[in-house]
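Summary of structural features
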Amino acid sequence: LAKRAFFLFLLLVVIYFLAPLRTNILLLGTDDSPERGALGRTDTIILTTIIPLKPYIGMLSIPRDLWVTIPNVGEQRINTAYFFAEANKSGTGGDAATQTVRENFGVTARYYAVIHMFGLVEAVDALGGVEIQLDSPSGGYPAGSHNLTGLEALAFVRDRATSSDFSRMQRTQILLLAMLKKGLAPASWPRLPDFILSLTKSVDTNIPLWQWPRLIFVFVRAPLFGIDSRTITPDMVTPFQTSGGAQVLGPNWEAINPLLKEMFGQ
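The text that follows walks through the structure, step by step, so that each part is easy to find. (Residues numbered from 1 in each chain as written. Predicted model: local features only at pLDDT ≥ 70, side-chain atom pairs only at ≥ 80, totals over all residues. Heavy atoms only, no water.)

A closer look at the side chain of D43
On the secondary structure map, D43 appears in strand 2 (residues 42-51). Within the structure, the side chain of D43 is placed 3.2 Å from the side chain of R64, a separation counted as a polar contact. (Helix = DSSP H or I, 4+ residues; strand = E, 2+ residues; numbered from the N terminus. Polar contact = N/O pair within 3.5 Å; in protein donor to acceptor, adjacent residues only side chain to side chain.)

In structure tokens form, the structure reads like this:
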């Protein structure tokens, strides 16, 4: 009886960690700062999908200027969904942004993680800095390997002088993957308590506790299998000027939908 109970327990553990259940998470990075306060727009929007059994991690960056319909607001830039909700009632921005992505992209997403970007400074410094690898010049850095402090990492992501929003989306993914790689390196493990503490102060999320072990298990395996990092590219949007004079990007769903099908199965 004890042996059967053990095997049943083992089976449940395997099912929990490896069940082919897709989990979609919306990663949001706000443009808040000590000067402006915590209320900001989400200049970083990454729709992430995770399938433990494969394992598969897909990250799709969405342009902040994408012109979409925001529930209860109307047509606006997608990066304002969080802002409008937070301005109306604190703590509702993550749900509003997730609903906006869900209704416009048709991707089932319930979870979100809001990263207050200025908190990245403390998080990166808690890791002892990060190393980024650039295939071509970007963010004010030449091609090659560069070690960044927290402030340098934030400037790298936010740089607007030398590139477009599409390049900034790529740089954000480069930084996040560099942080993941640094955090998983054995030499960084003594720093993890400080890193996790810094994240608790700069990240708001509705991901339930029961999901965390299986998500961490997937990310620990990520270096072995890689992460599918994509962005909505310039050929998937149409730049135009709104009646109010704003320069925005209209989504070309005929080009975007095949990518959504490939990455998210919908």
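There's more to say after this.
What about a nonpolar patch on the surface?
Taken together, the side chains of F6, F7, L10 and V14 present a nonpolar region at the surface, about 380 Å² in accessible area. Relative to the helices and strands, F6 is located in helix 1 (residues 2-18). (Patch = residues over 30% accessible without salt bridge, like charges linked within 9 Å, V, L, I, M, F, W, Y side chains within 5 Å. Areas by Shrake-Rupley, 256 points an atom, 1.4 Å probe, with all protein chains shown as cover. Salt bridge = Lys/Arg side-chain N within 4 Å of Asp/Glu carboxyl O.)

Side note on the sheet that holds strand 3 (residues 56-61)
Sheet architecture is open: six strands sit in the order 9-6-1-2-3-10, paired in mixed fashion. Each edge of the open sheet carries a strand with a single partner, namely strand 9 (203-205) and strand 10 (228-231). When the angles between neighbouring strand axes are averaged without regard to direction, this sheet yields 20°. Here eight bridges tie strand 1 (residues 23-30) to strand 2, and the two strands are oriented antiparallel to one another. Within the sheet, the bridge partner assigned to L26 lies in strand 2 and is L47. (Pairing = 2+ DSSP bridges. Axes fitted to C-alpha atoms, helices over the stretch in contact; angles between N-to-C directions.)

Regarding helix 3 (residues 93-105)
Here helix 3 spans 18 Å end to end across 13 residues, near enough to the 18 Å set by a 1.5 Å rise per residue. Every buried residue of helix 3 is listed here: G93, G94, A96, A97, T98, T100, V101, N104 and F105. Residues of helix 3 that are buried make contact with strand 1, strand 2, strand 4 (67-70), helix 2 (81-88), strand 6 (111-116) and helix 9 (253-264). Directly after helix 3, the chain includes G106, whose backbone phi takes a positive value near 70°. (Expected span 1.5 Å × (residues − 1). Buried < 20%, exposed > 50% of the residue type's maximum accessible area, 1.4 Å probe, protein only. Contact = heavy atoms within 4.5 Å.)

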